[in-house]
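# Tertiary structure, described
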Amino acid sequence: FVREFFSADIRLRNAKVDYLNKELGRTAGKGRLEMEVAENDNDNRRIAGIFETADLLEREKAIDAFLWDKAEELTIKRLTRGNPTMAQKFADLESK
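Quick summary incoming for the structure in this document. Source: prediction; values computed, not measured. (Residues numbered from 1 in each chain as written. Predicted model: local features only at pLDDT ≥ 70, side-chain atom pairs only at ≥ 80, totals over all residues. Heavy atoms only, no water.)

### Some points on the packing of aromatic side chains
For clarity, the cut-off: Here a pair means two rings of Phe, Tyr or Trp (six-membered ring of Trp) with centres within 6.5 Å. Their orientation is stacked below 30 degrees between planes, edge-to-face above 60, and tilted elsewhere. Three labels apply to residues, based on accessible area from a 1.4 Å probe with only protein chains included: buried if under 20% of the type maximum, exposed if over 50%, partly exposed otherwise in between.
One pass over the structure, following the stated rule, counts 2 aromatic pairs. Both rings, one in Phe5 and one in Phe6, keep their centres 5.6 Å apart while their planes meet at 85°; by these two values the pair is edge-to-face. In this structure Phe5 comes out as buried when scored by relative accessible area, which is 17%. With a relative accessible area of 44%, Phe6 lands in the partly exposed category. Ring plane angle 35° and centroid distance 5.6 Å describe the contact between Tyr19 and Phe51, whose orientation is recorded as tilted.

### What to know about the pattern of salt bridges
In plain terms, the rule: Throughout this description, the term salt bridge denotes a Lys or Arg side-chain nitrogen within 4 Å of a carboxyl oxygen of Asp or Glu. Where helices and strands are cited, they refer to DSSP runs of H or I of at least four residues and of E of at least two residues respectively, numbered from the N terminus.
All chains considered together, the criterion is met by 9 salt bridges. Put simply, Asp9 and Arg13 hold a salt bridge, and the shortest N to O gap is 2.6 Å. Of this pair, Asp9 and Arg13 both sit in helix α1 (residues 2-24), separated by 4 residues, roughly a single helical turn. We classify Asp9 as buried; its relative accessible area is 9%.

### Digging into α1
Using the following cut-off: What a helix is expected to span follows from its residue count: subtract one and scale by 1.5 Å. Residues count as neighbours in contact if any of their non-hydrogen atoms are within 4.5 Å of one another.
With 23 residues, α1 should cover 33 Å at 1.5 Å per step; its first-to-last C-alpha distance of 32 Å lies within 8% of that length. The set of residues buried in α1 consists of Phe5, Ser7, Ala8, Asp9, Ile10, Arg11, Leu12, Asn14, Ala15, Tyr19 and Asn21. Against the buried residues of α1 lie α2 (41-50) and α3 (56-80). In the stretch just after α1, Gly25 is the one whose phi turns positive, near 70°.

### Points about the nonpolar core
Inclusion rule: The nonpolar core is taken to be a set of buried Ala, Val, Leu, Ile, Met, Phe, Trp, Tyr and Cys residues, with the residues joined through side-chain atoms within 4.5 Å.
Judged by nonpolar contacts, the single largest core of 13 residues is most densely connected at Leu12, Ile47, Phe51, Ile63, Phe66 and Leu67. Within the residue set of this core, elements represented by two or more residues are α1, α2 and α3. Setting aside chain neighbours within four positions, we find Phe51 in contact with Leu12, Ala15, Lys16, Tyr19, Arg59 and Ile63.

### Overview of the packing of α1 against α3
Applied cut-off: Think of each axis as a best-fit line through the C-alpha atoms, taken over the contacting stretch in the case of a helix, with angles from 0 to 180 degrees between the N-to-C directions. Angular relationships are summarised with four words: roughly parallel below 35 degrees, roughly antiparallel beyond 145, roughly perpendicular across 65 to 115, and oblique for the angles in between. Crossing handedness: left-handed means the near helix sits turned counterclockwise from the far one by under a right angle, and right-handed means the same turn made clockwise.
Relative to each other, α1 and α3 sit at 160°, their axes nearing to 10 Å. One way to sum up the angle between α1 and α3 is to call them roughly antiparallel. Crossing of α1 over α3 shows right-handed handedness. In this structure, α1 contributes Glu4, Phe5, Ala8, Asp9, Leu12, Lys16 and Tyr19 to the contact, and α3 contributes Arg59, Glu60, Ile63, Phe66, Leu67, Lys70, Ala71, Leu74, Lys77 and Arg78.

Laid out in structure tokens, this is it:
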């Protein structure tokens, strides 16, 4: 859980740095965390969409929502792995 969450967090932070570098006219890549992280296309698309938002408050809300959704996704995935009863309970909650 922790490794996957922080991998998503690093991708988000690097996207934020890239956005700020572009907006402030800084050198591309300056300030990025250069670490090996697992890539996730769905997360990358969502993160890219966040930084296309012009409104600062909406962008910050989207960042918070992304991190909370990621934590929830990873927690549910961990709880349901190899446990069909828990998987069904979460599926029932999702359908409501």
